[in-house]
Structure formats: C-alpha cells, structure tokens
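Residues per chain are reported as follows:
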Amino acid sequence: RAQFSFQGRSVVISGGSRGLGLVMARQLAAKGARLTLLARNPDELKRAETELKGSGAEVLTIACDVRRQEQVNAAMKAAEKRAVIRAILLGRIGL
C-alpha cells in the first residue's frame, strides 16, 4: 500500500508556532512539505520560521487570530498564492 507523500505539498497549520503545531511542522518539513504557519504571536512565528528554515524547510508565516474570520480569509488567500497544489489544512486551535 502506497504511503501519502507530503513532498512539495502545501500544508497550512494553525497554532504552528509552538507546541503540537510546531511538532507537526517539524515532522512535515522533514517529509518535504511547504509550510504555512498561522499563529497570533509574530515573535513566536519568527522563532519557529528561523528554526524550520535552518533545517531547510520552505516556510511562510502569517500572524492570524483564527477567531477572526477576516484574518483567516486573508491568511488563506496568502497561502493559496504560494500553493502549487492545495493539499492539507491542519487545525490545532487552543482557545
């Protein structure tokens, strides 16, 4: 049975700057995914971006509060602009 490949796929992770979201980002980056991380704190996003890019990952970070629909819409438009293939949206929201 063939395993799903994340190589070159665009993945959006909410809550991606720390905790479980960052763990998922690290694992998906290791499998070749193109990451878009959403989180509220720009400083934590920058830290996560620096770490992931340091390991060779392709990363876009967007400060976004997923409780605000207009911010989510804007973030998804930005993510879609860089996506070659829209594949996966991972939500890890700790409200």
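Above this note sits the structure.
Here goes a summary of the coordinates provided.

What counts, and at which threshold
- All residue numbers refer to positions counted from 1 along the written sequence of the respective chain.
- Predicted model: local features are reported for residues with pLDDT of at least 70 only, side-chain atom pairs are reported and counted for 80 or more only, and whole-chain, interface and lining totals are derived from all residues.
- The basis for every side-chain value is the complete set of non-hydrogen atoms in the structure, without hydrogens or water.
- Any Lys or Arg side-chain nitrogen found within 4 Å of a carboxyl oxygen on Asp or Glu counts as a salt bridge.
- For helices the rule is a DSSP run of H or I covering at least 4 residues; for strands it is a run of E covering at least 2, with both sets numbered from the N terminus onward.
- Classification of residues uses two cut-offs on accessible area relative to the type maximum, computed with a 1.4 Å probe and protein chains only: under 20% is buried, over 50% is exposed, and between them is partly exposed.
- By this rule, a helix spans an expected 1.5 Å times one less than how many residues it contains.
- Starting at the helix axis, one direction is taken to each C-beta atom, and the arc is that of these directions.
- Throughout, a contact is declared for two residues whenever any of their heavy atoms are within 4.5 Å.
- For two strands to be treated as a pair, DSSP must find no fewer than two bridges joining them.
- With the strands aimed away from the viewer, a crossover counts as right-handed if its path from the first strand over the helix to the second runs clockwise.

This part is about the pattern of salt bridges. Applying the stated criterion across every chain yields a total of 7 salt bridges. For Arg-18, the salt bridge goes to Glu-44, with nearest N and O atoms at 3.0 Å. A residue pair is termed long-range when its members are at least 10 positions apart, and Arg-18 in the loop between strand S1 (10-14) and helix H1 (19-30) and Glu-44 in helix H2 (residues 42-54) qualify at 26 residues. Using a relative accessible area of 24% as the deciding quantity, one classes Glu-44 as partly exposed. One salt bridge in this structure joins Asp-65 and Arg-68, with 4.0 Å as the shortest N-O distance. Exposure remark for Asp-65: the relative accessible area of 12% places this residue in the buried category.

Let us now look at H2. Between the first and last C-alpha of H2 there are 18 Å, a value that for 13 residues agrees with the 18 Å anticipated at 1.5 Å per step. Of all the residues in H2, the buried ones are Leu-45, Ala-48, Glu-49 and Leu-52. Seen end-on, H2 carries its buried residues on one side only, within an arc spanning 105°. Of the exposed residues in H2, the ones pointing more than 90 degrees away from its buried face are Asp-43, Lys-46, Thr-50 and Gly-54. Those residues of H2 that are buried are in contact with H1, strand S2 (34-39) and strand S3 (58-63). With its phi angle positive at about 95°, Gly-56 sits one or two positions after the end of H2.

Let us look at the pairing of S2. A regular strand places its side chains on the two faces of the sheet in alternate fashion. The buried count for S2 comes to 6 of 6 residues, which makes it a mostly enclosed element. Pairing of S1 with S2, which is carried by 5 bridges, proceeds in the parallel orientation. Each bridged residue has a counterpart across the sheet, and for Ser-10 the counterpart in S2 is Arg-34. Following the backbone out of S1, through H1 and into the adjacent parallel S2, one traces a crossover that is right-handed. Two elements, S2 and S3, share 6 bridges in a ladder whose sense is parallel. From the neighbouring strand, Leu-37 faces S3, where its bridge partner is Thr-61. After leaving S2, the chain enters H2 and then returns to the sheet as S3, a path that is right-handed.

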